[in-house]
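Structure at a glance
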Amino acid sequence: MKTPPHKRLDSRHNTRLRWVHSSRLHNSHSLFFFQSLQSLTVTASLFPSSRFLASALLRPIDFSKARVIVELGMGTGAITREILRRLHPGSVLYAVDINPAFLAHVQRRIHDIRFVPILGGAEHLGLFLNQRGIDRADAIVSSLGLSSMGPDLRSHIVRQAADHLSPDGVLTQYQYLQFNTPGPHRFREKDFLHEYFREVDAERVIWNLPPANVFTCRP
Ligand SMILES: C[S@@+](CC[C@H](N)C(=O)[O-])C[C@H]1O[C@@H](n2cnc3c(N)ncnc32)[C@H](O)[C@@H]1O
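One structure accompanies this document, and this report is about it.

This brings us to the pairing of strand β7 (residues 212–218). Taken across its seven residues, β7 has five buried, putting it largely inside the fold. Where strand β5 (residues 165–176) and β7 come together, six bridges link them in antiparallel fashion. Counted as the bridge partner of Leu171 is Cys217 from β7. When strand β6 (residues 199–205) meets β7, the two strands line up antiparallel, connected through seven bridges. Paired with Glu203 across the bridge in β7 is Val214. Once β6 ends, the chain turns through six residues before running back antiparallel as β7.

What follows is the structure, encoded as structure tokens:
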């Protein structure tokens, strides 16, 4: 018997919905993109970081010595995976993200006893570490979109990070290149980071969408 036209449309629609749903679940890029559409100011980008950006963020870290590493803004795990590839067998990575969809996605994909995902805001970093009996991290890797945050929140987060970094530790942070916001109101991330860290170096990474500056900060 032939299927009536409205049922054929329904089933085509359902198939498409199923496809969107499964690609959301199974593909990091599409999950990231859909989450960004829901809240671009929080996700701060339409695409996960490239491996070139991940390398630039991780190069300043001495993985032979770093025992506690914190990642702020894990997303779909583009940088998390690169950290774990380099991480010493006896070290731990605490990775924080405020979005439960990202946390669930990464937990389904990464099975590594050195990896501790944490759901919550980076502004509670001190509390998260204290709950785990940790005072300071040897390295903090941040992908948070500081430019799109309110001034109080970003100050609070970077203050917490600076206070919980070991004296010879390093924090890396990136900012997308801003081609369209010149002038006095532009947020100058390097100057902002200098308020909390003695040393701030910048490196440009063009092989990322969008290109970015990576800042390496030392207490
Ligand atoms: C630009 S994305 C980076 C994602 C991933 N690390 C990457 O490089 O592809 C920023 C991430 O920060 C997270 N985020 C935003 N505000 C946050 C906050 N206050 N605390 C923790 N995570 C936050 C977002 O959910 C998003 O996953």
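Leu209 connects to Pro210 through a cis peptide bond whose omega is -10 degrees. By the element assignment, Pro210 lies in the loop between β6 and β7. Backbone geometry at Ala44 places phi at a positive 70 degrees, although glycine is not the residue there. Among the secondary structure elements, Ala44 is positioned in the loop between α3 (40–43) and α4 (51–58). Judged by local crowding, Ala44 falls into the partly exposed class, with 19 C-beta atoms found within 10 Å.

This next bit is on the site of the ligand. Around the ligand, the surrounding shell holds 23 residues, and the nearest of these are Pro48, Ser49, Gly73, Gly75 and Ser143. Put simply, the parts of the chain that give the shell around the ligand at least two residues each are α3, α5 (78–86) and β2 (92–97). Across the shell around the ligand, the residue classes break down as twelve nonpolar, nine polar and two charged.

Where α4 contacts α5, the axes come no closer than 10 Å and their chain directions differ by 50 degrees. Between α4 and α5, the crossing angle belongs to the class labelled oblique. In the packing of α4 onto α5, the handedness of the crossing is right-handed. Together, Arg51, Ala54, Leu57 and Leu58 of α4 and Ala78, Ile79, Glu82, Ile83 and Arg86 of α5 make up the contact between the two elements. Looking at side-chain class alone, the contact of α4 with α5 contains six nonpolar, no polar and three charged residues.

Inspection of the secondary structure puts Ile69 in strand β1 (residues 68–72). Between the C-alpha atoms of Ile69 and Leu171, which are 102 residues apart in sequence, the distance is 9.8 Å. The residues touching Ile69, leaving out its near neighbours within four places in the chain, are Ile83, Leu87, Ser91, Leu93, Ala137, Asp138, Ala139 and Val141.

Reading the values: rules and limits
- Residues numbered from 1 in each chain as written.
- Predicted model: local features only at pLDDT ≥ 70, side-chain atom pairs only at ≥ 80, totals over all residues.
- Buried ≥ 20, exposed ≤ 12 C-beta atoms within 10 Å, placed from the backbone.
- Helix = DSSP H or I, 4+ residues; strand = E, 2+ residues; numbered from the N terminus.
- Pairing = 2+ DSSP bridges.
- Near = placed C-beta within 6 Å.
- Nonpolar A, V, L, I, M, F, W, Y, C, P; charged D, E, K, R; others polar.
- Axes fitted to C-alpha atoms, helices over the stretch in contact; angles between N-to-C directions.
- Parallel < 35°, antiparallel > 145°, perpendicular 65-115°, else oblique.
- Left-handed = near helix turned anticlockwise from the far one by under 90°.
- Contact = placed C-beta atoms within 7 Å.

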